[in-house]
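Coordinates in review
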Amino acid sequence: MRWILLGLCVVILLGFVIPEPRIIPVDNASSTDWNKDTFWYEPWGSSGVHKGIDIFAQKGTSVLATTHQLIIYQGQKPKGGNIVLALGPKWRLHYYAHLDSIDVDGITLLFSGSKIGTVVSTGNAQGKAPHLHYSIVALFPHFWLADESTQGSKKAHYLDPILYLSAAD
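All of these numbers come straight from a predicted model, not from anything done at the bench.

1. Comments concerning the environment of Ile72
Examined against the element boundaries, Ile72 turns out to sit in strand β5 (residues 69–77). Between the C-alpha atom of Ile72 and that of Asp105, which follows or precedes it by 33 residues, the distance is 9.5 Å. Not counting residues up to four positions away in its chain, the partners in contact with Ile72 are Leu85, Ala86, Leu87 and Leu93.

2. Topic: the packing of aromatic side chains
Throughout the structure, instances matching the rule amount to 2 aromatic pairs. Between the aromatic rings of Phe16 and Phe140, the centroid separation amounts to 5.5 Å while the plane-to-plane angle is 55°, which identifies the pairing as tilted. Here Phe16 is found in helix α1 (residues 2–17), whereas its partner Phe140 is found in the loop between β10 (131–138) and β11 (158–159), with 124 residues between them in sequence. Judged by its relative accessible area of 36%, Phe16 is partly exposed. Phe140 sits in the partly exposed class, given a relative accessible area of 35%. The ring of Tyr164 is capped by Arg22, whose NZ or CZ atom sits 4.0 Å from the centre of that ring. The positively charged end of Lys51 is found above the aromatic ring belonging to Tyr158, 5.8 Å away from the centroid.

3. A word on the confidence of the model for the chain
Confidence in the prediction for the chain averages 90 pLDDT; 95% of positions are at 70 or higher. The lowest-confidence element of the chain is strand β1 (residues 41–44), averaging 69 in pLDDT; the highest-confidence one is strand β4 (residues 62–64), averaging 98.

4. A look at the nonpolar core
The biggest cluster of nonpolar side chains holds 29 residues, and the ones touching the most others in it are Ile53, Ile55, Tyr96, Ile116 and Tyr134. When contributions to this core are tallied by element, the ones reaching two or more residues are β3 (53–56), β6 (81–88), β7 (92–102), β9 (115–119), β10 and α2 (161–165). Apart from the residues lying within four places of it in its own chain, the contact partners of Ile53 are Trp34, Thr38, Phe39, Leu132, His133, Tyr134, Pro161, Ile162 and Leu165.

5. Comments concerning the side chain of Thr38
Mapped onto the fold, Thr38 is located in the loop between α1 and β1. With relative accessibility at 12%, the residue Thr38 sits in the buried group. Among the polar contacts listed, one links the side chain of Thr38 to the backbone oxygen of Asn35, at a separation of 3.0 Å. Leaving out residues up to four positions away in the same chain, Thr38 has contacts with His50, Gly52, Ile53 and Asp54.

6. Points about unusual backbone geometry
Phi is positive for Asn28, close to 65°, though the residue is something other than glycine. Relative to the assigned elements, Asn28 resides in the loop between α1 and β1. According to the relative accessible area criterion, Asn28 is exposed, its value standing at 74%. Positive phi, normally seen in glycine, also occurs at Gln151, with a value near 55°.

7. Quick notes on the pattern of salt bridges
Scanning all chains against the criterion turns up 6 salt bridges. Residue Glu20 is joined to Arg92 by a salt bridge in which the shortest nitrogen-to-oxygen separation is 3.1 Å. With a gap of 72 residues between them, Glu20 in the loop between α1 and β1 and Arg92 in strand β7 connect regions that are remote in the sequence. Note on Glu20: relative accessible area 14%, which makes it buried. Here Asp103 ties to Lys115 by a salt bridge, and the two come within 3.3 Å at their closest N and O atoms. Placement of Asp103 in the loop between β7 and β8 (108–110) and of Lys115 in strand β9 is noted, with a sequence separation of 12 residues between them. For Lys115, a relative accessible area of 38% puts it in the partly exposed group. Ionic contacts of the salt-bridge type, sharing partners, join the residues Glu20, Arg22, Lys90 and Arg92 into one network.

Cut-offs and rules
Residues numbered from 1 in each chain as written. Predicted model: local features only at pLDDT ≥ 70, side-chain atom pairs only at ≥ 80, totals over all residues. Heavy atoms only, no water. Helix = DSSP H or I, 4+ residues; strand = E, 2+ residues; numbered from the N terminus. Contact = heavy atoms within 4.5 Å. Phe/Tyr/Trp six-rings, centres within 6.5 Å; stacked < 30°, edge-to-face > 60°. Buried < 20%, exposed > 50% of the residue type's maximum accessible area, 1.4 Å probe, protein only. Lys NZ or Arg CZ within 6 Å of the ring centre and 35° of its normal. pLDDT = per-residue confidence, 0-100. Core = buried A, V, L, I, M, F, W, Y, C linked by side-chain atoms within 4.5 Å. Polar contact = N/O pair within 3.5 Å; in protein donor to acceptor, adjacent residues only side chain to side chain. Salt bridge = Lys/Arg side-chain N within 4 Å of Asp/Glu carboxyl O.

And the structure:
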């Protein structure tokens, strides 16, 4: 039993030391392609607050892996439309939503900059300008980020993509 716990601890620690090169997940996008005030914006439909950012681009623009990551889910959800969920370094989930096409299949290891799909507006974004909704969820909570805002306790898990991507811009 002790070896199992030790092995689990080693795996968890390794997840924190994997290199994390970062790029903006929409081909040729920059910080001017999203509104800097949309993370945790409210009111935001049935979600209450907007827990990510929308990166606007022309329909068909490539969506790229933000960092090295393991694709763990691809499919459809009512709000997100065509989505991809990936596990990245530091035990962070990267959520890509409103995709037109999904170019990955099954559990797949991708490197930063690998193509995931293309931009459009599926799910609850239908009829809106083409964009990628991008969110980051920390599996290990960052308690110091929680605050008194609406749903502010969730900020311990939902990380601000703008701050995350500032190293990539």
